[in-house]
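What follows is each chain in one-letter form.
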Amino acid sequence: MLRDLIRSGLGRMFPDRMNAGQARRVAAALWRDGSVFSNPEDIFDELLRHELISFDLFDTVVRRRVPLEVVHRRTAEFGEAHFRGDAGPLPAGLLYGARHRLQAEVKARGLQPGKRNEVRLVDVFDAALRPHVAEAVRRRGIVKALVAFEVETEIAVLEVDPRVRSVIERLRDAGRKVILVSDMYLDAADMENILTALDIRRLFDRVFVSATVGVTKASGLLFERVTDEMGVPAKRCIHLGDNGHSDVTQARSRGWHARHFVDAEREAERIRRELDLMSGPVAEAQAFRATMEEFCGDARPDLRHLTAAAFSVFAREVLREAVRGGYDRVLYLTRDGTRFRWIAEDWIAGTAGLRKADLPPLQEFAFSRRAGILLNYPEMTDPDWQGYLTWTVGWLNGTPLSIRTIMRCFAVSPAELAGLTPERRAEVEGYLQGDDPATDLGFDRLLQRPDLLEPLHGALLAKRERIIAYLDQIGLFDRAEKLLLVDLGYSGTAAKAISEHLWRRERQGRPAASRMTMMLLAANRFHRHNLKEMHPRIELRQGSLIRTDRWRDRAAAANFSWLEPFAVDRSRGSLRDFRKGPGGWVPVFGPGEAGGDPARAREVARQDEEMKVAVASYHAALRCGLLSVAEVDRRVVKAWIARVIHPDARAVAEVEARQHHGGLAEVRLESPVDRIDPRHLLPEIQRCLTSDRWIQGSLTRSRLRLITPFVNPILASELQ
């Protein structure tokens, strides 16, 4: 008993060593007889003496880099995330559990002695989905998508044994018939796709799969069918495989020759991976590091790779919510939400089966803080009119009211002021020159100038009406739909602005028909205040990855000048207006970050391509890891936040290589970090906070990284 407890404890503390030792012992004890070989090159001359040479596929010609259970779990995770039942989300565990008792039942139902003794995966999935998806055509579509995803996963995790490939090529050169015979629940067409993707279909004259033929090697009947179809006497056939019963005993019982492929080293590696699945936290940490190495070649990814992975986590979480919540459309806010639509579209395009998923349309939603303020701009007769202008211009621009600050804040050009004489237009253009308050027209003086105030007010009302026309065009309010709005963050200002417009519509007797949910990647300290302002038709969610109820997240959310440079669509500037085009209202954006500079444009394109490649690499790594996708995602987000609140010099350099798009109205390119004078530490940290600089990055840049563990709890406490 004590010995077993000690062994169990050591196994959890040192899983790699204990599992490797156990795997070697199990592999050494595998069944063997005189037909065993470990290198196919050693029996090449013997194979030449036969007319027909048959190979098993799995663990003979190819092997998986992960246990088969991982492949099954990936398919189940995919199905439950991207398909719905008639009454709601598919039950958790439905598709994974179907591979056990239900599969045995389906196999028993289809059993026909001497004719059929194999089960097809499509029939198992169909039986699992039948209670939840009544329509047969839709159910078949889901089953087809699940199988396509599993085939793609198999392709990702399979490796061809180069020794076997070489022997087969030599046999074909010698004029021998070479076939593949596999006990597999996938149909022959799916297996053909796998073989083609691995570039080994050309090596075989025929492919026999038990799911399609109907009988198995394990029963011996498949060897009889092969003999009949190939027209070669059994005594002139030889089969090679790794299973002592199915590939050796049963082949011989049908008159074939057979050899048992046992590569102890490969077998020990396979067993070790299976043991790793059952090990504790230390093994999970090792598995996560292995996935990260698969992802980016480093067990400790840099901030750029972690950010790409985190963006993937959020983009896929949005799709999962869109399916499970039964949303009619997903609207990605410009410019901060645009990248997540790109990631989602790439994920869909690059993932087999997703085109058949229950995904709603993914659309762009042109909106901004400026648009939200203009959407609710009041009439001049409203008693709150001046207060509204004072607060919004002060918030967006940090300036007092004047004709210059109002027009700049809301991107109003002199040409939009209707009815101005040439003299008045020239006067207005003069007020817009420079930043000297002495050459501006203050608000008190503007109130005395109806010849300028009324055209300016009319221009703001016209902008408001164009925004409303655009929102009506995209059906934001009047369709009885469930809409999912997606944004980077941070407080839900867009949801607040839309809520205010909904209140106004109701007062005008025009209640909305739609229901909306806003998902944010990150939430900050102002999020909870906006929750109180929500209309009942809008649900403002907590941040998906960076939340306000976890202290490390709050420290990371002190400001987001480290995050925004990675996320924003830098090809476009701020949203300035909407104009009527041939197809309806279209958004008008300012110039992008490059601003016409070809060198800067190339650098922005290179950085965007790096992000795209990193996201694709993360998706590929998720297929091949031992941990569940959900667990890898959880650990990635945790590592990402840890890197942000305690950055090293490399992380700071990665952020500094990008421009922070500052400014709440017009884009203002700024450095995300700044120098901190250690002699005035607290005032300097406060300055970084108010000037929207990455505090932890600025500390690291100023060689003060060692104090970030002390600063972070203070930030988290003060910024609740």
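So, how was this worked out
Residues numbered from 1 in each chain as written. Predicted model: local features only at pLDDT ≥ 70, side-chain atom pairs only at ≥ 80, totals over all residues. Heavy atoms only, no water. Axes fitted to C-alpha atoms, helices over the stretch in contact; angles between N-to-C directions. Helix = DSSP H or I, 4+ residues; strand = E, 2+ residues; numbered from the N terminus. Parallel < 35°, antiparallel > 145°, perpendicular 65-115°, else oblique. Contact = heavy atoms within 4.5 Å. Nonpolar A, V, L, I, M, F, W, Y, C, P; charged D, E, K, R; others polar. Pairing = 2+ DSSP bridges. Expected span 1.5 Å × (residues − 1). Buried < 20%, exposed > 50% of the residue type's maximum accessible area, 1.4 Å probe, protein only. Left-handed = near helix turned anticlockwise from the far one by under 90°. Salt bridge = Lys/Arg side-chain N within 4 Å of Asp/Glu carboxyl O. Phe/Tyr/Trp six-rings, centres within 6.5 Å; stacked < 30°, edge-to-face > 60°. Lys NZ or Arg CZ within 6 Å of the ring centre and 35° of its normal. Core = buried A, V, L, I, M, F, W, Y, C linked by side-chain atoms within 4.5 Å. Right-handed = clockwise from strand over helix to strand, strands pointing away.

Undergrad: Help me understand the packing of helix α4 (residues 68-82) against helix α5 (residues 94-109), please; the structure alone is not making it clear to me.
TA: Between two packed helices, both the angle of their axes relative to each other and the distance between the axes serve to describe the pair. At their nearest, the axes of α4 and α5 sit 7 Å apart, and the two run at 135 degrees to each other. For the element pair α4 / α5, the angle class is oblique. The segment α4 lies against α5, with E69, H72, R73, T75, A76, G79 and E80 engaging L94, L95, Y96 and R99. The residue makeup of the contact of α4 with α5, split by class, is 4 nonpolar, 3 polar and 4 charged.

Undergrad: Where do I start with the sheet that holds strand β11 (residues 329-333) in this structure?
TA: Note on sheets: strands pair through backbone hydrogen bonds, and any given pair is parallel or antiparallel. The sheet built from 5 strands is open, its strands ordered β12-β11-β13-β14-β15 with parallel pairing. Each edge of the open sheet carries a strand with a single partner, namely β12 (362-365) and β15 (538-546). Neighbouring strand axes in the sheet, compared pairwise and without regard to direction, differ in orientation by 25 degrees on average. Across 4 bridges, β11 lies against β12 in parallel orientation. Within the sheet, the bridge partner assigned to V330 lies in β12 and is L362.

Undergrad: Sorry if this is basic, but what is going on with helix α16 (residues 338-349) here?
TA: Since there are 3.6 residues in each turn of an α-helix, residues three or four apart along the chain are aligned in direction. The terminal C-alpha atoms of α16 lie 17 Å apart, and with 12 residues this matches the ideal 16 Å at 1.5 Å per residue to within 8%. For α16, every residue scored as buried is listed here: T338, R339, F340, R341, I343, A344, W347 and I348.

Undergrad: Hey, could you run me through the environment of G114 in this one?
TA: Mapped onto the secondary structure, G114 falls in the loop between α5 and α6 (121-129). Accessibility expressed as a relative area gives 52% for G114, which makes it exposed. In this structure, the C-alpha to C-alpha distance between G114 and G350, residues 236 residues apart in sequence, is 42 Å. The contacts of G114, once residues within four sequence positions are left out, are L221 and R225.

Undergrad: Help me understand the packing of α6 against helix α7 (residues 136-157) in this model?
TA: It is the contact of α6 with α7, at a shortest axis distance of 9 Å, that shows an interaxial angle of 130 degrees. Classified by the angle between their axes, α6 and α7 sit oblique to one another. Regarding α6 and α7, the two cross each other, and that crossing is right-handed. Here L121, V122, F125, D126 and L129 of α6 lie close against α7, whose contacting residues are R139, I142, V143, L146, V147 and E150. When its residues are assigned to classes, the contact of α6 with α7 shows 8 nonpolar, no polar and 3 charged.

Undergrad: Is there a simple way to think about the sheet that holds strand β1 (residues 36-37) in this case?
TA: The 6 strands are arranged β1-β10-β9-β2-β7-β8 in an open sheet whose pairing can be described as parallel. Each of the sheet's edge strands pairs with one partner strand only, and the pair in question is β1 and β8 (206-209). Two elements, β1 and strand β10 (residues 257-261), share 2 bridges in a ladder whose sense is parallel. Considered in β10, the bridge of F37 is made with F261. Across the sheet, helix α8 (residues 162-173) touches β2 (52-55), β7 (177-182) and β10, and the angle it forms with β2 is around 160 degrees. The strands touched by helix α9 (residues 188-197) are β7 and β8; relative to β8, the strand with the most contacts, the crossing angle is about 130 degrees.

Undergrad: Honestly, the pattern of salt bridges in this entry has me stumped. Any pointers?
TA: Should the charged atoms of two oppositely charged side chains come close, the side chains can pair. Inspection of every chain in the model, using the stated rule, returns 67 salt bridges. R99 serves as the salt-bridge partner of E150, at 2.8 Å between the closest nitrogen and oxygen. Taken together, the residues span a long stretch of sequence, with E150 in helix α7 and R99 in helix α5 at a distance of 51 residues. The partner of R316 in a salt bridge is D633, with the nearest N and O atoms 2.9 Å apart. Residue R316 is located in helix α15 (residues 303-324), and its partner D633 is located in helix α28 (residues 629-645); the two are separated by 317 residues in the primary sequence. Accessibility classification places R316 together with D633 in one group, the buried group.

Undergrad: Is there a simple way to explain the packing of aromatic side chains in this structure?
TA: For any two aromatic rings, the description comes down to two numbers: the centre-to-centre distance and the angle of the planes. Following the criterion strictly, the structure yields 14 aromatic pairs and no others. Between F78 and F149, the ring centres sit 4.1 Å apart and the planes meet at 5 degrees, which makes this aromatic pair stacked. Taken together, the residues F78 in helix α4 and F149 in helix α7 connect sequence positions 71 residues apart. Accessibility assignment for this pair places F78 and F149 in one class, buried. Taken together, a centroid distance of 5.4 Å and an interplanar angle of 25 degrees make the contact between W391 and W395 stacked. Note that W391 and W395 are positioned in helix α18 (residues 385-397) at a spacing of 4 residues, about one turn of the helix. The exposure class assigned to W391 is exposed, which follows from its relative accessible area of 53%. Taken together through their ring pairs, the aromatic side chains of Y490, F560, W562 and W640 make up a single cluster. Over the face of the ring belonging to Y185 we find R99, whose NZ or CZ atom lies 5.2 Å from the ring centre. Stacked on the ring of Y327, the Lys or Arg K482 has its end atom at 4.6 Å from the ring centre.

Undergrad: Honestly, the side chain of N376 in this entry has me stumped. Any pointers?
TA: You can see N376 is positioned in the loop between α17 (369-375) and α18. Sequence-distant contacts of N376, that is, excluding residues within four places in its chain, are made with Y388, A497, E500, H501 and R504.

Undergrad: What exactly am I supposed to notice about the nonpolar core here?
TA: Generally speaking, nonpolar side chains in soluble globular proteins are found buried as a group. One finds F55, L521, W562, L563 and W640 to be the most contacted residues of the largest nonpolar core, which totals 123 residues. With 12 residues, α15 is the single largest residue contributor to this core.

Undergrad: When you look at unusual backbone geometry in this model, what are you seeing that I'm missing?
TA: In terms of backbone geometry, most residues other than glycine have negative phi values and most peptide bonds are trans. Here the residue pair T334 and R335 is connected by a cis peptide bond, since its omega of -5 degrees sits within 30 degrees of zero. Tracing the chain through its elements places R335 in the loop between β11 and α16. Here the amide bond leading from G489 into Y490 is cis, since omega sits at 10 degrees, within 30 degrees of zero. Here Y490 is to be found in the loop between β13 (482-487) and α23 (493-507). Even without a glycine there, the phi angle at D692 is positive, about 60 degrees. Positionally, D692 belongs in the loop between α30 (681-690) and α31 (695-701). Its relative accessible area of 27% is what places D692 among the partly exposed residues.

Undergrad: It is not clear to me how the environment of L331 should be interpreted in this structure. Could you clarify?
TA: Residue position: L331 is located in strand β11. We classify L331 as buried; its relative accessible area is 1%. Between the C-alpha atoms of L331 and I474, which are 143 residues apart in sequence, the distance is 9.8 Å. Other than its neighbours up to four places away in sequence, L331 contacts Q363, F365, L476, L483, L484, L485 and V486.

Undergrad: What is the right way to look at the pairing of β11 in this model?
TA: Looking along a regular strand, one sees the side chains alternate between the two faces of the sheet. Burial analysis of β11 places 5 of its 5 residues in the buried class, the great majority of the element. The alternating pattern of β11 places R329, L331 and L333 and V330 and Y332 on opposite faces, both of which are buried. Bridging between β11 and β13 involves 4 bridges; their strand directions are parallel. Looking across to β13, one finds that R329 is bridged to L483. With respect to chirality, the unit in which β11 leads through α16 into the neighbouring parallel β12 is right-handed.

Undergrad: I tried to follow the pairing of β8 on my own but got confused; where do I start?
TA: Here β7 pairs with β8 via 4 bridges, running parallel. Looking at β8, one finds that V181 is bridged to F208. The parallel pair β7 and β8 is bridged by α9, and the resulting crossover is right-handed.

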